[in-house]
Amino acid sequence: METLPNLEQFNLTWIDYSIMIIYFAFVLGIGWALKKYMKNATDFLEAGRSLPAWVTGLAFISANLGALEVIGMAASGAKYGMATVHFYWIGAIPAMIFLAIFMMPFYYGSKARSVPEYLKLRFDEKTRGFNAFSFAIMTIFASGISMYALALLMETLLGWNFHMSLFISAFIVLIYTYLGGLSSAIYNEVLQFFLIVIGFLPLVIIGLIKVGGWDGMVNKLAMPNPLGLDTSGFDHSWQNISPEHPMGGWIGIFFGLGFVLSFGYWCTNFLVVQRAMAAGSMSDARKTPLIGAFPKMFIPFLVIIPGMIAMALLNSGDETFHLPAKGSSYDYDLVIPMMLKRFLPTGVLGLGLTALMASFMSGMAGNVTAFNTVFTYDIYQSYLVPGKSDSHYLRVGQLTTIFGVLVSILTAYVAAMFNNIMDFLQLIFAFINAPLFAAFLMGMFTKRTTGHGAFWGLLTGTFSAGLVHGFTQPVGAESLVKGGWTGTVLQTFPSEMAQNFWIAIIAFSVALVATIVISLLTKRTKTDEELRGLVYQLTPKTIDDSKHWYHRPGFLAWVVGIIAVILSIIFW
Amino acid sequence: MGLDIKIPIGLMFVIFGAILTIFGLVTMGDAMYEISIGKNINLYSGIGMLAFGTFMLIISDLKFGKRIDESLGIDEEELTEEAKKELLNK
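Residues numbered from 1 in each chain as written. Chains lettered and ligands numbered in written order. Predicted model: local features only at pLDDT ≥ 70, side-chain atom pairs only at ≥ 80, totals over all residues. Heavy atoms only, no water.

Tell me what's going on with helix H6 (residues 115-122) of chain A, and back it up with residues and numbers.
Residue and element names in this part refer to chain A. The buried fraction of H6 is high, at 6 of 8 residues. Among the residues of H6, Val 115, Pro 116, Glu 117, Tyr 118, Leu 119 and Arg 122 are the ones counted as buried. Its side-chain oxygen at 3.2 Å from the backbone nitrogen of Glu 117, Ser 114 defines the N-terminal cap of H6. (Buried < 20%, exposed > 50% of the residue type's maximum accessible area, 1.4 Å probe, protein only. Helix = DSSP H or I, 4+ residues; strand = E, 2+ residues; numbered from the N terminus. Polar contact = N/O pair within 3.5 Å; in protein donor to acceptor, adjacent residues only side chain to side chain.)

Below is the structure:
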């Protein structure tokens, strides 16, 4: 008879612990091996701009495969089914292609060492400052959320002390990023990528066999749910989309998620762009997002399907699987832990848990290294202590690693106040990133856009995002963090997600209009000569030097795009 | 950066694979596999990881293929695209 594993009974054996310890040893060992290459600030903060495309490409995806993905996406899989793939396909692939083909030449080709620095070169000091500070705060928050989620999980799953797990995971990330900087984070992200994929495969395979394969799962999802939730149609990504759907209808998904949020994240977020900028050549930098796009398209099968399997098991009245209730539904963030417990015996269980830890660490290290670079170059070197020697900034970069991790620990405790991690992150992205893409779009593709236009566009956009948030609410909102803080609710959305998509659309549109209007009202401060390499019309077209046509970014972009369309049709 | 990440990846998965394969063989038919619906998931995963780890080591710079570069005193990882082209033209 199958027994119900519950929170108290659950114990790891020596074999699980040895897998974890071996993993930690490798992670730290990679940092140690790279220590000798850290001779100047460029090595530490930009990985010496020397890495091969497949490494930066996998790191590009892995840095994003943190807490937000594995726990949050499995939770969404259980809540919304295959519709969650919109975060991976429409919500990522077009933006990654755009970054590779149109934007990378400006990032990599200009002298900029970071995204804020590009803004300084293209616009002015205040635009850079705004971006640098908001980005620094955002990455620290994201890093803290990763840590909080990991510690909470270890506490729930293994009964480990919350504070101890938090400090140990922070300490390991600190050591390897301190030793090897960005290179260490990137190389470890590649290792973590393979570990995450291989560690979660057994769960997906065993789970699917248990529910009778894809068809069995779909049949069970069509059955009535014990809590009365409607899970039928979970096997379709587009078919059930309507304004009443939690994802918010076609316009919300296409423009809010697929355009504004997605392009705002993938094309302007230094966390991911930094990986591409660490590549060894222009061609490799442009291929980075495209190589990353291949695994990106298939990650949903690893993280969303466990959530759907969980719902199928609950619907079929399987007594061996249990998901704690929370309010009138389930505690969805526990889908992955409960599935690991239900299906994996000691051995692969250790591997699955190690994969989970790896995902948190890659997310956190990605944030820490991006924070490092922005803080050292765009805050410290620009505003606090300019004009020092390179070795001075190398030292500052290293110390910033420690500072960043310490502040992350603080924010981890702040994050403990919010229950749905992903919705909260989306909210921050909507406030800051949505208007940011408007500034980039106008700045990169028109030379008329001015620094004042971009800066005030960003501010108005961010402000309008806050305002929309103040006048709208998702259904059943209990706190003002969810919106409606003005006291007047003009619009109620079916979910926070739909609300966020719409906030993004409005913030972007306001920022775009404001940027155009203010640019036309203000004088250009940069000459055509100064904007060479920064603006589309003033830059010679990038000629790719790949030896074979099938190595060229253009060709890869078509392949990626076509596969994404085919997948969308299959899972219509 | 002179680190071929395929080597640590390969080594780590060979070690994981070996541990799980041996553990799977020792625990063959054990009652603990009831939760993984009777499948000896440790053994299968172990074999899979051994294969993946070995593959990574084979395609790494550790043993095969890179001998010629080494005899010329060239570290492939350190070469930029341009330097590679120059070498090819020679």
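Help me get a handle on the interface of chain B and chain A, residues and values and all.
Listed as interface residues are 32 residues of chain B and, on the opposing side, 43 residues of chain A. Buried surface at the junction of chain B and chain A, summed over both partners, amounts to about 3,300 Å²; 80% is from carbon and sulfur atoms. Here chain B is connected to chain A by 0 salt bridges. Here chain B is connected to chain A by 3 residue pairs in polar contact (both at pLDDT 80 or more). Sorting the residues of the side of chain B that touches chain A by element identifies helix H1 (6-26), helix H2 (41-59) and helix H4 (81-89) of chain B as the ones contributing at least two each. With 11 residues, H1(B) is the single largest residue contributor to the side of chain B that touches chain A. (Contact = heavy atoms within 4.5 Å. Buried area = accessible area lost by both parts, 1.4 Å probe. Salt bridge = Lys/Arg side-chain N within 4 Å of Asp/Glu carboxyl O.)

Go over the side chain of His86(A) with me, naming the residues and quoting the values.
With respect to the helices, strands and loops of the structure, His86(A) is situated in the loop between helix H4 (67-80) and helix H5 (93-109). Ignoring sequence-local partners within four residues, the contact set of His86(A) consists of Gly91(A), Ser237(A), Trp238(A), Ile241(A), Met247(A), Ile253(A) and Leu257(A).

How would you sum up the packing of aromatic side chains? Please name residues and give values.
All names here are of chain A. A full pass over the atoms with the stated rule returns 36 aromatic pairs over all chains. Residues Tyr 265 and Trp 266 carry aromatic rings whose centres are separated by 5.0 Å and whose planes lie at 90 degrees to one another, so their mutual orientation is edge-to-face. For the pair formed by Tyr 265 and Trp 266, the shared burial category is buried. Between the aromatic rings of Phe 437 and Phe 508, the centroid separation amounts to 6.3 Å while the plane-to-plane angle is 25 degrees, which identifies the pairing as stacked. Placement of the pair is Phe 437 in helix H16 (residues 421-445) and Phe 508 in helix H18 (residues 496-521), with a sequence separation of 71 residues. Neither residue differs from the other here; Phe 437 and Phe 508 are each classed as buried. The rings of Phe 98, Phe 102, Phe 106, Phe 259, Phe 263, Phe 437, Phe 445 and Phe 508 are connected pair by pair, giving a single aromatic cluster. Across from the ring centre of Tyr 377, 3.6 Å away, lies the NZ or CZ of Arg 113, which sits over that ring. Against the face of Phe 343 rests Arg 342, its NZ or CZ located 4.5 Å from the ring centre. (Phe/Tyr/Trp six-rings, centres within 6.5 Å; stacked < 30°, edge-to-face > 60°. Lys NZ or Arg CZ within 6 Å of the ring centre and 35° of its normal.)

On their own, these measurements won't tell you what the molecule is for.
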